[in-house]
Amino acid sequence: ALSFPSVQKIDFIEYARGAGTFDVLVVPTNTKLGESSRKQIDAAINRSKAFGVSSKIKEPDYISVCMSIQVYFYSNVSPTEQSLLRSSIRNNVKIYLQNIPIGGEIIINQIRAAVLSTDTQKIKDMTIVDFCFDGKPMLKRNIKLSPTELIILDETKIDPIQVI
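A few points on the structure. (Residues numbered from 1 in each chain as written. Predicted model: local features only at pLDDT ≥ 70, side-chain atom pairs only at ≥ 80, totals over all residues. Heavy atoms only, no water.)

## Looking at the packing of helix H2 (residues 79-98) against helix H3 (residues 108-116)
The geometry of H2 relative to H3 is characterised by a closest axis approach of 8 Å and an angle of 145° between their N-to-C directions. Regarding H2 and H3, the two cross each other, and that crossing is right-handed. Across from Ile89, Asn92, Val93 and Tyr96 in H2, the residues of H3 making contact are Gln110, Ile111, Ala114 and Val115. Taken together, the residues of the contact of H2 with H3 break down into 6 nonpolar, 2 polar and no charged. (Axes fitted to C-alpha atoms, helices over the stretch in contact; angles between N-to-C directions. Helix = DSSP H or I, 4+ residues; strand = E, 2+ residues; numbered from the N terminus. Left-handed = near helix turned anticlockwise from the far one by under 90°. Contact = heavy atoms within 4.5 Å. Nonpolar A, V, L, I, M, F, W, Y, C, P; charged D, E, K, R; others polar.)

Encoded structure:
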């Protein structure tokens, strides 16, 4: 399965459904595993597993995240610069969240660092106004994912990372 470009990592879970079974947890390189990739991986596993052994392809438990971030600029920053910086901040936060590994942890201070390090000469401060985890509002605190959970940006929102 690792020979597939859409696969970042695989984990085998022995006896997942009893004796003679195993599950294959496939962590995609992109947000989610495509159906054609899933079928190709399943076919590759079926070619190499023993007769009578049952396997099942599983994806991570996807946990959606969205947030609103209030940014405070120094007074000498023009509205045009503010707009460009908001876009850069949004991208930096998205990159941070998308690089959290399966079973990793969302660290609030890392989000702050992603925002503030965008341009320390122009950004004075920031506040996370709203933070949603799996569709539910959450307190702004670090969150440890379970070993099968993977962060994705909330697909139900036009802009899951709002910078205001």
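## Some remarks on the pairing of strand E3 (residues 54-58)
Strand residues, when the strand is regular, have side chains that alternate between the two faces of the sheet. Only one face of E3 is buried: it carries Ser55 and Ile57, and the other face, with Ser54, Lys56 and Lys58, is open. With 5 bridges joining them, strand E2 (residues 21-28) and E3 adopt parallel strand pairing. Opposite Thr21, over in E3, you have Ser54 as the bridge partner. The parallel pair E2 and E3, bridged by helix H1 (residues 35-48), forms a crossover whose chirality is right-handed. (Buried < 20%, exposed > 50% of the residue type's maximum accessible area, 1.4 Å probe, protein only. Pairing = 2+ DSSP bridges. Right-handed = clockwise from strand over helix to strand, strands pointing away.)

## As for the environment of Ile164
You can see Ile164 is positioned in the segment after strand E10 (161-163). For Ile164, a relative accessible area of 41% gives the class partly exposed. In the structure, Ile164 is positioned 151 residues away from Ile13 in sequence and 43 Å away in space, judged by C-alpha atoms. Not counting chain neighbours up to four residues away, the residues in contact with Ile164 comprise Ile69, Gln70, Val71, Arg86 and Val129.

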